[in-house]
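# A structural walkthrough
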Amino acid sequence: MSKVIFMDLNRCIYCRSCEVACEREHNGRSFMSVLLLDERHPVPMNCRHCKKSPCVAVCPTGALTRLENGPVIIETMKCVGCSLCAMVCPFGVLELDYLSKVMRKCDLCIHRLNENKLPACVSSCPARALTYDEFDAIMQRVKEKAAKAIISGVGLEPGIVVSPPES
Amino acid sequence: MTGLVATLGSGAMTNPIPDLANSKCIFIIGSNFAENHPIAARWVLDAKEQGSKIIVADPRYTPTAWIADVFLQLKPGTDIALINGMIHTIIKEKLYDKNFVKERIIGFDQIKALAAKYDANTVGKITGVSPHLLQEAARLYAKAQSAAIVYCMGITQHTCGHGNVVSCANLTLICGNIGRVGTGVLPLRGQDNVQGACDMGGLSTVLPGYTSVNDETGRTRIAALWGKEDLPNKPGLTVVEMTNAAAEGKVKAMYIMGENPMVSDPNTKHVRQALDKLDFLVVQDIFLTETAELADVVLPGACWVEKEGTVTATSRSVQWRAKAIAPPREAKADLAIICEIAKKLGFEFNYQSADEVLREINLVVPSYAGITPERVKEKVGGLTWPCPTPDHPGTPILHSDAFATVERLGKLIPVEHQPPFEMPDDEYPLLLTTGRVVMHYNAGSMTRRSASLLKRSPELFVEVNPADAEKLGISADEEVMVSTRRAETVAKATITNRVPPGIVFMPFHFPGVNALVVEALDEKAKVPEFKVAACKIARGK
């Protein structure tokens, strides 16, 4: 079993702490970017570490591999910067490092995982919009939350009423 | 703070921030915590997931407002009218807590008479909030089993700031939303350890533990502990009053620690004149700030990881902060610097460590008596005052059985809506309000030095509604000139629906913004009106 970073879009407040934390862990380069759509909907975008990773499948030099405990990583010595991985990535999260001419991406903070720490983006998320856990465990929590909401009649859709001032 | 002292008897947050998760309704007014206290969002979101109703009142559609079930987009400076309007509905529909009103508070009749004037239609005209939304918010707040109010600088930084706070307390009290889990009044402080600085008497009228300088018994008690017969019995000056006194030549020397008034105080031109007029200026800071550049002597202080001691959070919890690394080069911990200066002045400041200072606090401030170095270092999350004895567990929730007033009752104080000091007119047709953004902290002395943060928020901007932008003929990212009666500042235009037409917003982290705002103070709290000024915007520099 491998753990994943999961995003609760309803909890993201667009503080971008995850981006800054990622930068701190990766020498000034962030592999997380939160996009704000329609000035209202923040969406944290990072590598999903896909179970059937298209990037790993197309990498001609074998630089992209998937480790047993989950992370899809790039062995930079093998990378030739051909960008094929970027072409097949559905999320646009691969980056070309113009200086060293290799591809770079989120490594799930493997150096932190090895020390039993959470990925930096997850540990710095004040709103707890990001979690890192076994997929099934996360789904179980979502189920429980939804079940509680159903029982208490809360409803699952947050409603927003906007009242612009009358001029 | 003065507003809560008048009504509840104590100027502090009544419940811990994580307790918000237990609220059934959270009313947030004048606080954009999603950007400015992001950690608070954690518990508000937890509450919402469990069915709590969230009401947000703010002139801007902020990331905090995204969380709202009911969003009240009021005009800046109309908070009192809005709250009085909620009280009107609550009294009219008999939704107030009758037992609580009878047993725990005084002044209900006066509030009833006041609120009668603030029907939803009248309030709608003042605030711009539609009557049905106002009534909906009032009902949600009053009917909830437990409801909390969260406020911040959007409430306090007005000429009617004291009245705004009193209004929040009035609403809390008539609904009995205090002294229990999930209730309370939660003012979020602007900086780390402001609560602690106030608790220690870092204000113009009080000694440590809020002992008034007029209180002879209290004053002589502290004097005796310090080996003196008596202490000065006259109030000192507040920050803005000090600046004025310096400008008038009455204050000759100033010692500024960890504060950057050249960016953070209103009317920068006036601050500059005042500081220039001083005979001698000492600034103690971790960076050479805009203010330090004007100093005769700069003393390099230590940042938080380079010194030890307690910090008191906005929720009154006192936590120990250990030193992780030594200050660089000639920099020293603030305690060491102050001790050395005091010794040169002939005082016996022989503190060897922060432990010793805390032991003195244990003696001087009764509510800190049980917060000993041994206990506080052990306890993760700290101890919450009042903690009067060494075996006391601390008091996370205030006012459970009685209020801290002389009568031990909560006091309702009627306050009328009062328009801001300066409102838009023909010459300056736009209303300028100021605040913070998530990427920066206060005067930006620290955050404007971080490449990571600057990359995401590089420069001063002004938020303008698309309708105003079209009228003014300005386009996105264009440099514009924002002027008020006091100054003019260049900023990049951000065209956005976050602000309604007629209102523009600027973050004060960058120099130039507080040069624009008015210096008018709240009479009681002495807080300047950072939140409302009249301005105009023109294309180009």
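Coordinates for the structure precede this section.
These figures come from a predicted structure and were not determined experimentally.

### Examining the packing of helix H5 (residues 79-92) of chain B against helix H11 (residues 161-174) of chain B
Residue and element names in this part refer to chain B. Contact geometry for H5 and H11: axes closest at 9 Å, N-to-C directions at 15°. As far as their axial angle goes, H11 and H5 are roughly parallel. Viewed along their axes, H5 and H11 form a crossing whose handedness is left-handed. Residues Asp79, Ile80, Ile83, Asn84, Met86, Ile87, Ile90 and Ile91 of H5 form the contact with H11, whose participating residues are Gly163, Asn164, Ser167, Cys168, Asn170, Leu171 and Ile174. Looking at the contact of H5 with H11 residue by residue, the classes come out as nine nonpolar, five polar and one charged.

### A few points about empty space enclosed by the protein
Residues and elements named next belong to chain B. By the definition in use, this model includes seven cavities of 30 Å³ or more. By volume, the largest cavity is sized at about 340 Å³. Contributing to the lining of the largest cavity are 27 residues, with Gly30, Asp58, Gly154, Thr434 and Lys531 lying nearest its centre. Looking at the lining of the largest cavity, the elements that each hand over two or more residues are helix H2 (33-36), helix H10 (153-156) and strand S16 (430-435). Per-element tally for the lining of the largest cavity: the top contributor is S16, with three residues. A class-by-class count of the residues in the lining of the largest cavity yields eight nonpolar, 13 polar and six charged.

### Re the sheet that holds strand S11 (residues 297-300) of chain B
One key point about sheets: their strands pair by backbone hydrogen bonds, in either a parallel or an antiparallel sense. Residue and element names in this part refer to chain B. Here three strands make up an open sheet; going across it, the order is S9-S10-S11 and the pairing parallel. Among the strands making up the open sheet, the edge pair consists of strand S9 (253-257) and S11. Averaged over all pairs of adjacent strands, the angle between their axes in this sheet comes to 10°, without regard to strand direction. As paired strands, S9 and strand S10 (residues 280-285) are joined by five bridges and run parallel to one another. Residue methionine 254 lies in a different strand from S10, and its bridge partner there is leucine 281. Running over the sheet, helix H17 (residues 334-344) touches S9, S10 and S11 and is turned about 160° from S9.

### Quick word on the pattern of salt bridges
Residues and elements named next belong to chain A. The final tally for this structure, using the stated rule, is 37 salt bridges over all chains. A salt bridge links lysine 145 to aspartate 8; the nearest nitrogen and oxygen atoms lie 3.4 Å apart. Of the two residues, lysine 145 is situated in helix H6 (residues 135-152) and aspartate 8 in the loop between strand S1 (3-7) and helix H1 (17-25); the sequence distance between them amounts to 137 residues. In this structure lysine 145 comes out as partly exposed when scored by relative accessible area, which is 35%. Given the relative accessible area of 22%, aspartate 8 is considered partly exposed. Among the salt bridges present, the one from arginine 29 reaches glutamate 95, with a minimum N-O distance of 2.9 Å. Here arginine 29, found in the loop between H1 and strand S2 (33-37), pairs with glutamate 95, found in strand S6 (residues 95-97); they are 66 residues apart in sequence, far enough to count as distant.

Parameters at a glance
Position labels on residues start from 1 in each chain and follow its written sequence. Note on labels: chains are lettered from A, ligands numbered from 1, in written order. For this predicted model, a pLDDT threshold of at least 70 governs which residues receive local features, and a threshold of 80 or more governs which side-chain atom pairs are given and counted, while totals over whole chains, interfaces and linings are taken from all residues. Only hydrogens and water are removed before side-chain values are computed, so all heavy atoms of the structure are retained for them. In this description, a line fitted to the C-alpha atoms serves as the axis of each element, helices being fitted only across the stretch in contact, and the angle between N-to-C directions of two axes falls anywhere from 0 to 180 degrees. Here a helix means four or more residues in a row that DSSP labels H or I, a strand means two or more in a row labelled E, and each is numbered from the N terminus. Should an angle fall under 35 degrees it is called roughly parallel, over 145 degrees roughly antiparallel, and 65 to 115 degrees roughly perpendicular, with every other angle called oblique. Each crossing gets its hand from how the near helix is turned against the far one by less than a right angle, where anticlockwise is left-handed and clockwise is right-handed. Contact criterion: two residues are considered in contact whenever any of their non-hydrogen atoms come within 4.5 Å of each other. When residues are sorted by character, Ala, Val, Leu, Ile, Met, Phe, Trp, Tyr, Cys and Pro go into the nonpolar class, Asp, Glu, Lys and Arg into the charged class, and all the rest, Gly among them, into the polar class. Put plainly, a pocket is an open set of points on a 1 Å grid over the protein atoms alone with protein on both sides within 12 Å along at least five of seven lines, a cavity is a set where a 1.4 Å probe fits but cannot get out, and a lining residue has an atom within 4 Å of a point. Grid points are joined across faces, edges and corners, and a volume is the space filled by probe spheres set on the points. When DSSP locates at least two bridges between a pair of strands, those strands are taken to pair. The term salt bridge refers to a pairing of a side-chain nitrogen on Lys or Arg with a carboxyl oxygen on Asp or Glu at a separation within 4 Å. Only protein chains enter the accessibility calculation, which uses a 1.4 Å probe; a residue is then buried when its area is under 20% of its type maximum, exposed when over 50%, and partly exposed in between.

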